[in-house]
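# Architecture at a glance
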Amino acid sequence: MTELRHRGATDTEATLQNQPSEDKGSDSELRSEKDGATDSDPKVDKMDSGVPEVPVPPDDTPEVLNKALSGLSSRWKNWWVRGILTLAMISFFFIIIYLGPMVLMMIVLCVQIKCFLEIITIGYSVYHSYHLPWFRTLSWYFLLCVNYFFYGETVTDYFFTLVQREEPLRILSKYHRFISFALYLTGFCMFVLSLVKKHYRLQFYMFGWTHVTLLIVVTQSHLIIHNLFEGMIWFIVPISCVICNDIMAYMFGFFFGRTPLIKLSPKKTWEGFIGGFFATILFGIMLSYVMAGYRYFVCPVEFNNDSNSFQVDCEPPELFQLQDYTLPSILESVTGWTTVRLYPFQIHSIALSTFASIVGPFGGFFASGFKRAFKIKDFANTIPGHGGIMDRFDCQYLMATFVNVYIASFIRGPNPSKVIQQLLALRADQQLFIFNSLKAHLTERGLLPALEEAAA
């Protein structure tokens, strides 16, 4: 154990000395943090040096780009690599939107699995020397259990009629939570049986590591899918606002950045943060105006039992209908306009854009702190110039939670179709009881005679 700690400390120093020059600012800060810990608390340094070094992934920039940009400085080379790959990812985003909600859900699942892999791989790389039994097997097993629970809940909620029509699905739906708990309990017992006397503490570290990863990755991706079912606009606008803020903050910081924003990310600047905020607000309002006029984006994603497929068609609610708004006197004196025609959703988009610009980056800062704790630059090297998938989605997961809470608090109301689905699942005597109760209530309020006259 002592040799591993000394080896980890030696490897850390060697890695810091051999890193590229463009990251020297971060490296020097890491050294100063380490020196500060040594001066103030020897125990902290001893604990830090006991963490084995995570291998640094090699540069996987395509050879074509390396040759084309060979004459540029590392700063401008990174700018062009990031820019080209960003355009490629945006194009891919447009394609999957065109392919529809089912493809979007599959992409969300794939991204979730890749993010989980990247975080768990870091844990395995840190503690691989200890040969912890069943660590990776149990990690993937728990991922399967949690996904079974969340996706089972989604299927029962949004595909109720289909589930009730098929006997096997009906049984699985009825006992879904018990089955989910039994699966998790099996994994829990397997973990207890895998405990090794000399590695108790490390094994519980990794048990907690796996569960926190599941909380961050799987739960948030499940909320993203729920947002998608509310209407594709609730999926596309928040994600696009985070992407816009990321791009514009980088652009403003690259060309105008002078004032450091936060020590966790030395390259982040106040100029980039403020410029990204205003650009994202403007972008969110314009994107919302364009998308709110199309039923394909604003209608909830529902399952059509007749065609056994998803359908996106409805009468747009008031949230997506143009309305006149009176401008405040200050804006009226500046613009000369008395009223403006806006979609109500555009006002909500300001709240979404504000969160994406001010609070969303803290997801990235959190990820930066996590990476600095293990002396790594990126979660992986999947995307040249951008790092791993988790490096691109660290802010998206925080945004997904906010959107889901926002919809539940300010947007979503009672859903008559879901109420009817639940009523149809009741016994005949229960349905008659509800019918008579509702009839008596409507008659008492004087609504039923009016309805009967209108029908006549």
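Just so it is clear, the model here is predicted, and its values are computed rather than measured.

### What to know about the environment of Val237
Of note, Val237 is situated in helix H12 (residues 232-256). For the pair Val237 and Ser349, spaced 112 residues apart in sequence, the C-alpha to C-alpha distance is 7.8 Å.

### A look at the environment of Glu315
Turning to its location among the elements, Glu315 is positioned in the loop between strand S4 (309-311) and strand S5 (323-326). Exposure remark for Glu315: the relative accessible area of 60% places this residue in the exposed category. Residues Glu315 and Arg295, spaced 20 residues apart in sequence, show a C-alpha to C-alpha distance of 7.8 Å. Separated by 3.5 Å, the side chains of Glu315 and Arg295 make a polar contact.

### Digging into the UniProt feature "transmembrane region" (unreviewed entry) in the chain
Taking the UniProt record as the reference, the feature "transmembrane region" (unreviewed entry) is found at residues 79-99, 105-127, 134-151, 178-196, 203-225, 231-252, 273-297 and 345-367. With 94% helix and 0% strand, the stretch residues 134-151 has end C-alpha atoms that lie 25 Å from each other.

### Notes on the state of the cysteines
Throughout the structure, instances matching the rule amount to one disulfide. Linked covalently through their sulfurs, Cys299 and Cys314 form a disulfide whose S-S length is 2.1 Å. Judged by the sign of its S-S torsion, about -95°, the cystine formed by Cys299 and Cys314 is left-handed. Linking Cys299 in the loop between helix H14 (295-298) and strand S3 (302-304) with Cys314 in the loop between S4 and S5, this pair joins segments that are 15 residues apart in sequence. This cysteine, Cys241, is not joined by any disulfide, and Cys244 carries the nearest cysteine sulfur, 6.9 Å off.

### Regarding the pattern of salt bridges
Any two side chains of opposite charge can pair, given that their charged atoms come close. According to the stated counting rule, one finds 10 salt bridges in the structure shown. Measuring nitrogen to oxygen at the nearest pair gives 2.7 Å for the salt bridge that ties Lys114 to Glu118. With Lys114 and Glu118 both in helix H6 (residues 101-127), this residue pair falls four residues apart, about one helical turn. For Lys114, a relative accessible area of 24% corresponds to the partly exposed category.

### What about the packing of helix H13 (residues 270-291) against helix H16 (residues 344-358)?
At a closest axis distance of 8 Å, the pairing of H13 and H16 adopts a crossing angle of 150°. One element, H13, and the other, H16, form an angle in the roughly antiparallel class. Crossing of H13 over H16 shows right-handed handedness. Across the interface between the two elements, Phe273, Gly276, Phe277, Thr280, Ile281, Gly284, Ile285, Ser288 and Tyr289 from H13 touch Phe345, Gln346, Ser349, Ile350, Ser353, Thr354, Ser357 and Ile358 from H16. A per-class count over the contact of H13 with H16 returns eight nonpolar, nine polar and no charged.

### Side note on a nonpolar patch on the surface
A cluster of nonpolar side chains, namely Leu72, Trp76, Trp80, Ile84, Phe255 and Phe256, defines an oily patch on the protein surface of about 580 Å² accessible area. Where the nonpolar patch is concerned, the elements lending two or more residues are helix H5 (74-99) and H12. For the nonpolar patch, the element with the highest residue contribution is H5, accounting for three residues. Inspection of the secondary structure puts Trp80 in helix H5.

### Digging into the nonpolar core
Residues Ile233, Trp234 and Phe235 are the most contacted members of the largest nonpolar core, which totals 77 residues. Those residues in contact with Trp234, other than ones at most four positions away along the chain, are Asn227, Leu319, Phe320, Phe345, Leu352, Val403, Tyr406, Ile407 and Ile411.

### Some words on the packing of helix H7 (residues 135-158) against helix H11 (residues 200-229)
Two elements in contact, H7 and H11, have axes whose closest approach is 10 Å; the angle formed by their N-to-C orientations is 25°. Here H7 is positioned roughly parallel relative to H11, judged by the angle of their axes. Once H7 is placed against H11, the crossing between them reads as right-handed. Packed against H7, whose contacting residues are Phe135, Ser139, Phe142, Leu143, Val146, Asn147, Phe150, Tyr151, Thr154 and Tyr158, the element H11 presents Met206, Phe207, Thr210, His211, Leu214, Val218, Thr219, His222, Ile225, His226 and Phe229 at the interface.

### Remarks on the packing of aromatic side chains
Evaluated as defined, the whole model comprises 26 aromatic pairs. An angle of 85° between the planes, with centres 4.9 Å apart, marks the rings of Trp234 and Phe345 as edge-to-face. Linking Trp234 in helix H12 with Phe345 in helix H16, this pair joins segments that are 111 residues apart in sequence. Residue classification places Trp234 among the buried positions, given a relative accessible area of 3%. For Phe345, a relative accessible area of 0% corresponds to the buried category. Ring centres 5.8 Å apart and planes at 85° place the aromatic pair Trp270 and Phe273 in the edge-to-face group. Here the residue Trp270 and the residue Phe273 both occupy positions in helix H13, the gap between them amounting to three residues, near one helical turn. Joined through ring pairs, the aromatic side chains of Tyr141, Phe142, Tyr184, Phe188, Phe191, Phe204 and Phe207 make up one cluster.

Here is what the cut-offs are and how they apply
- Residues numbered from 1 in each chain as written.
- Predicted model: local features only at pLDDT ≥ 70, side-chain atom pairs only at ≥ 80, totals over all residues.
- Heavy atoms only, no water.
- Helix = DSSP H or I, 4+ residues; strand = E, 2+ residues; numbered from the N terminus.
- Buried < 20%, exposed > 50% of the residue type's maximum accessible area, 1.4 Å probe, protein only.
- Polar contact = N/O pair within 3.5 Å; in protein donor to acceptor, adjacent residues only side chain to side chain.
- UniProt positions renumbered as here; feature names shortened; annotations may be inferred.
- Disulfide = S-S within 2.5 Å.
- Salt bridge = Lys/Arg side-chain N within 4 Å of Asp/Glu carboxyl O.
- Axes fitted to C-alpha atoms, helices over the stretch in contact; angles between N-to-C directions.
- Parallel < 35°, antiparallel > 145°, perpendicular 65-115°, else oblique.
- Left-handed = near helix turned anticlockwise from the far one by under 90°.
- Contact = heavy atoms within 4.5 Å.
- Nonpolar A, V, L, I, M, F, W, Y, C, P; charged D, E, K, R; others polar.
- Patch = residues over 30% accessible without salt bridge, like charges linked within 9 Å, V, L, I, M, F, W, Y side chains within 5 Å.
- Areas by Shrake-Rupley, 256 points an atom, 1.4 Å probe, with all protein chains shown as cover.
- Core = buried A, V, L, I, M, F, W, Y, C linked by side-chain atoms within 4.5 Å.
- Phe/Tyr/Trp six-rings, centres within 6.5 Å; stacked < 30°, edge-to-face > 60°.

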